[in-house]
Amino acid sequence: MIASVALMLMAAACGQAGEKSGQNGSYVSLAGAKIGGPFTLTSDTGKTVKWDDFKGRYRLVYFGYTYCPDVCPLDLQHIMQGFRQFEKDAPERAARVQPLFISVDPERDTPAVLHDYVSAFHPRLIGLTGSPQAIAAVAKQFAVVYGREQGSGKPGASAQYLVSHSRTPYLFGPDGQPIALVPVDDPATPEAEGKPEQIVRFLESQVR
Ligand code: NI
(Lines give C-alpha, C1' and ligand atoms only; values in the text may rest on other atoms or scores of the structure.)
Protein backbone atom coordinates (compact mmCIF):
# COMPACT_ATOMS: atom_id res chain seq x y z
CA MET A 1 0.00 0.00 0.00
CA ILE A 2 2.81 2.38 0.80
CA ALA A 3 4.25 1.76 -2.65
CA SER A 4 1.07 2.89 -4.33
CA VAL A 5 0.95 5.94 -2.12
CA ALA A 6 4.49 6.78 -3.18
CA LEU A 7 3.40 6.47 -6.79
CA MET A 8 0.58 8.84 -6.18
CA LEU A 9 2.89 11.31 -4.52
CA MET A 10 4.95 11.30 -7.67
CA ALA A 11 2.04 12.74 -9.60
CA ALA A 12 3.37 16.23 -9.22
CA ALA A 13 1.21 18.17 -11.61
CA CYS A 14 -1.82 19.79 -10.12
CA GLY A 15 -4.09 18.37 -12.78
CA GLN A 16 -2.78 14.85 -12.72
CA ALA A 17 -4.77 12.00 -11.34
CA GLY A 18 -3.74 10.41 -8.12
CA GLU A 19 -3.96 6.85 -6.95
CA LYS A 20 -7.42 5.49 -7.38
CA SER A 21 -8.94 5.21 -3.95
CA GLY A 22 -12.02 3.58 -2.62
CA GLN A 23 -11.38 0.22 -4.21
CA ASN A 24 -13.52 -2.51 -2.67
CA GLY A 25 -14.96 0.04 -0.34
CA SER A 26 -11.64 0.57 1.40
CA TYR A 27 -9.39 3.57 1.32
CA VAL A 28 -5.73 4.11 0.62
CA SER A 29 -4.19 3.57 4.02
CA LEU A 30 -1.36 5.78 5.17
CA ALA A 31 -0.78 3.80 8.35
CA GLY A 32 2.92 3.75 9.09
CA ALA A 33 3.78 6.30 6.40
CA LYS A 34 6.44 8.76 7.46
CA ILE A 35 4.47 11.90 6.78
CA GLY A 36 3.47 14.80 8.95
CA GLY A 37 5.45 16.21 11.76
CA PRO A 38 6.06 19.39 13.65
CA PHE A 39 5.83 22.75 11.92
CA THR A 40 5.31 26.39 12.74
CA LEU A 41 3.39 28.38 10.14
CA THR A 42 1.16 31.45 9.93
CA SER A 43 -2.60 31.12 9.73
CA ASP A 44 -4.92 33.06 7.46
CA THR A 45 -5.76 35.27 10.43
CA GLY A 46 -2.08 36.01 11.03
CA LYS A 47 -1.62 33.74 14.03
CA THR A 48 1.38 31.52 14.62
CA VAL A 49 0.18 27.94 14.30
CA LYS A 50 2.00 24.75 15.22
CA TRP A 51 1.17 21.20 14.19
CA ASP A 52 0.97 20.27 17.86
CA ASP A 53 -1.72 22.89 18.43
CA PHE A 54 -4.06 20.29 16.94
CA LYS A 55 -3.00 17.47 19.21
CA GLY A 56 -6.01 15.36 20.15
CA ARG A 57 -7.86 16.27 16.96
CA TYR A 58 -8.15 14.66 13.57
CA ARG A 59 -6.61 16.77 10.83
CA LEU A 60 -7.74 16.98 7.23
CA VAL A 61 -4.70 18.34 5.42
CA TYR A 62 -4.76 19.60 1.85
CA PHE A 63 -1.79 21.21 0.08
CA GLY A 64 -2.47 23.61 -2.77
CA TYR A 65 -2.57 27.26 -3.68
CA THR A 66 -5.28 29.83 -4.07
CA TYR A 67 -4.44 30.64 -7.68
CA CYS A 68 -4.84 27.01 -8.72
CA PRO A 69 -7.16 27.13 -11.72
CA ASP A 70 -8.89 23.79 -11.33
CA VAL A 71 -8.00 20.87 -9.10
CA CYS A 72 -7.50 22.57 -5.75
CA PRO A 73 -10.81 24.44 -5.71
CA LEU A 74 -12.72 21.39 -6.95
CA ASP A 75 -11.19 19.05 -4.38
CA LEU A 76 -11.65 21.58 -1.60
CA GLN A 77 -15.25 22.14 -2.59
CA HIS A 78 -16.01 18.42 -2.48
CA ILE A 79 -14.09 17.81 0.73
CA MET A 80 -15.61 20.75 2.57
CA GLN A 81 -19.14 20.04 1.32
CA GLY A 82 -18.72 16.50 2.61
CA PHE A 83 -17.35 17.83 5.86
CA ARG A 84 -20.32 20.16 6.18
CA GLN A 85 -22.70 17.22 5.82
CA PHE A 86 -20.66 15.21 8.31
CA GLU A 87 -21.03 18.11 10.76
CA LYS A 88 -24.81 17.80 10.42
CA ASP A 89 -24.79 14.00 10.71
CA ALA A 90 -22.26 13.67 13.50
CA PRO A 91 -21.57 17.07 15.08
CA GLU A 92 -19.56 15.74 18.00
CA ARG A 93 -17.22 13.73 15.83
CA ALA A 94 -16.93 16.54 13.28
CA ALA A 95 -15.92 18.91 16.06
CA ARG A 96 -12.85 16.73 16.56
CA VAL A 97 -11.71 17.31 12.97
CA GLN A 98 -9.64 20.33 11.94
CA PRO A 99 -9.43 21.01 8.20
CA LEU A 100 -6.15 22.65 7.09
CA PHE A 101 -5.16 24.11 3.74
CA ILE A 102 -1.38 24.55 3.41
CA SER A 103 -0.14 26.81 0.61
CA VAL A 104 2.61 25.73 -1.76
CA ASP A 105 2.68 29.27 -3.16
CA PRO A 106 3.66 31.35 -0.12
CA GLU A 107 4.84 34.31 -2.19
CA ARG A 108 1.34 35.05 -3.40
CA ASP A 109 -0.67 33.34 -0.68
CA THR A 110 -0.40 35.90 2.07
CA PRO A 111 -2.60 35.40 5.14
CA ALA A 112 -5.11 37.90 3.74
CA VAL A 113 -5.30 36.17 0.36
CA LEU A 114 -5.64 32.81 2.08
CA HIS A 115 -8.31 34.11 4.41
CA ASP A 116 -10.63 35.14 1.59
CA TYR A 117 -10.03 31.82 -0.12
CA VAL A 118 -10.56 29.41 2.76
CA SER A 119 -13.54 31.36 4.10
CA ALA A 120 -15.34 30.71 0.85
CA PHE A 121 -15.16 26.94 1.45
CA HIS A 122 -15.89 26.60 5.15
CA PRO A 123 -15.63 28.83 8.22
CA ARG A 124 -13.55 26.22 10.02
CA LEU A 125 -11.02 25.67 7.23
CA ILE A 126 -7.70 27.18 8.33
CA GLY A 127 -5.26 28.40 5.69
CA LEU A 128 -1.56 28.14 6.48
CA THR A 129 1.38 29.89 4.87
CA GLY A 130 4.91 30.87 5.78
CA SER A 131 8.28 31.78 4.38
CA PRO A 132 9.29 29.91 1.23
CA GLN A 133 11.84 28.06 3.37
CA ALA A 134 9.27 27.09 5.97
CA ILE A 135 6.84 25.87 3.32
CA ALA A 136 9.58 23.87 1.60
CA ALA A 137 10.40 22.16 4.90
CA VAL A 138 6.75 21.36 5.63
CA ALA A 139 6.16 20.04 2.12
CA LYS A 140 9.12 17.71 2.56
CA GLN A 141 7.76 16.45 5.88
CA PHE A 142 4.40 15.76 4.25
CA ALA A 143 5.89 14.17 1.10
CA VAL A 144 4.49 16.92 -1.08
CA VAL A 145 6.31 17.81 -4.28
CA TYR A 146 5.70 21.21 -5.82
CA GLY A 147 7.33 23.74 -8.05
CA ARG A 148 6.64 26.76 -10.16
CA GLU A 149 6.00 25.94 -13.80
CA GLN A 150 8.90 26.99 -16.01
CA GLY A 151 8.32 30.07 -18.08
CA SER A 152 5.03 30.94 -16.46
CA GLY A 153 5.94 34.30 -15.02
CA LYS A 154 8.27 35.93 -12.55
CA PRO A 155 7.92 35.77 -8.79
CA GLY A 156 5.85 38.51 -7.25
CA ALA A 157 2.40 39.29 -6.00
CA SER A 158 0.94 40.14 -9.38
CA ALA A 159 2.81 37.57 -11.42
CA GLN A 160 0.86 34.98 -13.35
CA TYR A 161 2.26 31.51 -12.98
CA LEU A 162 1.16 27.99 -12.20
CA VAL A 163 2.48 25.82 -9.41
CA SER A 164 2.60 22.08 -9.96
CA HIS A 165 1.98 20.14 -6.80
CA SER A 166 1.18 16.69 -5.48
CA ARG A 167 -2.47 16.04 -4.92
CA THR A 168 -2.39 14.96 -1.31
CA PRO A 169 -5.60 15.07 0.67
CA TYR A 170 -4.56 13.51 3.96
CA LEU A 171 -6.44 12.50 7.06
CA PHE A 172 -4.37 12.44 10.25
CA GLY A 173 -5.45 11.05 13.57
CA PRO A 174 -5.55 12.72 16.99
CA ASP A 175 -2.01 11.46 17.64
CA GLY A 176 -0.73 13.27 14.53
CA GLN A 177 -0.15 10.01 12.66
CA PRO A 178 -1.45 9.65 9.09
CA ILE A 179 -4.54 7.46 8.62
CA ALA A 180 -5.61 7.47 4.98
CA LEU A 181 -5.95 9.44 1.79
CA VAL A 182 -9.21 11.32 1.50
CA PRO A 183 -10.98 10.06 -1.64
CA VAL A 184 -10.82 12.62 -4.43
CA ASP A 185 -11.94 12.29 -8.03
CA ASP A 186 -9.69 10.49 -10.42
CA PRO A 187 -10.29 12.24 -13.75
CA ALA A 188 -9.11 9.10 -15.54
CA THR A 189 -12.14 7.13 -14.41
CA PRO A 190 -15.84 7.69 -14.92
CA GLU A 191 -16.70 6.97 -11.28
CA ALA A 192 -17.23 9.80 -8.84
CA GLU A 193 -14.77 8.79 -6.16
CA GLY A 194 -14.49 12.17 -4.55
CA LYS A 195 -18.00 13.57 -4.53
CA PRO A 196 -19.23 15.05 -1.25
CA GLU A 197 -21.26 11.95 -0.36
CA GLN A 198 -18.11 9.85 -0.70
CA ILE A 199 -16.30 12.25 1.61
CA VAL A 200 -19.10 11.85 4.16
CA ARG A 201 -18.83 8.07 3.94
CA PHE A 202 -15.06 8.30 4.32
CA LEU A 203 -15.31 10.53 7.41
CA GLU A 204 -18.06 8.34 8.88
CA SER A 205 -15.77 5.32 8.59
CA GLN A 206 -12.53 6.95 9.79
CA VAL A 207 -13.40 9.46 12.50
CA ARG A 208 -14.32 7.97 15.86
NI1 NI B 1 -3.86 22.82 -7.34
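Residues numbered from 1 in each chain as written. Predicted model: local features only at pLDDT ≥ 70, side-chain atom pairs only at ≥ 80, totals over all residues. Heavy atoms only, no water.

1. A short note on the overall build of the protein
Broken down by element type, the protein carries six helices and nine strands. Expressed as a percentage of its 208 residues, the buried residues of the protein come to 50%. Of all intrachain contacts in the protein linking residues separated by at least 6 positions in sequence, the fraction that spans at least 24 positions is 72%. In the form shown here, the protein has an accessible surface area of approximately 9,500 Å², with 56% of it arising from carbon and sulfur atoms. (Helix = DSSP H or I, 4+ residues; strand = E, 2+ residues; numbered from the N terminus. Buried < 20%, exposed > 50% of the residue type's maximum accessible area, 1.4 Å probe, protein only. Contact = heavy atoms within 4.5 Å. Areas by Shrake-Rupley, 256 points an atom, 1.4 Å probe, with all protein chains shown as cover.)

2. A word on the pattern of salt bridges
One pass over the full model with this rule turns up six salt bridges. With a closest N to O distance of 2.8 Å, Arg 93 and Glu 204 form a salt bridge. Here the residue Arg 93 occupies a position in helix α3 (residues 91–94), and Glu 204 occupies one in helix α6 (residues 196–206), the gap between them amounting to 111 residues. By relative accessible area, Glu 204 is classed as partly exposed at 30%. (Salt bridge = Lys/Arg side-chain N within 4 Å of Asp/Glu carboxyl O.)

3. Concerning the nonpolar core
Counting 55 residues, the largest nonpolar core has Val 61, Ile 102, Phe 142 and Tyr 170 as its most contacted members. The set of elements that each furnish at least two residues to this core consists of β3 (58–64), α2 (71–89), β4 (97–103), α4 (111–121), α5 (132–141), β8 (169–172), β9 (178–181) and α6. Looking at which element gives the most residues to this core, the answer is α2, with seven residues. (Core = buried A, V, L, I, M, F, W, Y, C linked by side-chain atoms within 4.5 Å.)

4. Describing the pairing of strand β5 (residues 126–129)
Of the strand pairs in this sheet, strand β1 (residues 40–43) and β5 are connected by two bridges, and their pairing is antiparallel. Note on β5: the bridge partner recorded for Thr 42 is Thr 129. Sheet topology places β4 next to β5; three bridges connect them, and they run parallel. In the sheet register, Phe 101 faces β5, and the bridge partner there is Gly 127. Following the chain from β4 across α4 to the adjacent parallel β5, one finds a crossover that is right-handed. (Pairing = 2+ DSSP bridges. Right-handed = clockwise from strand over helix to strand, strands pointing away.)

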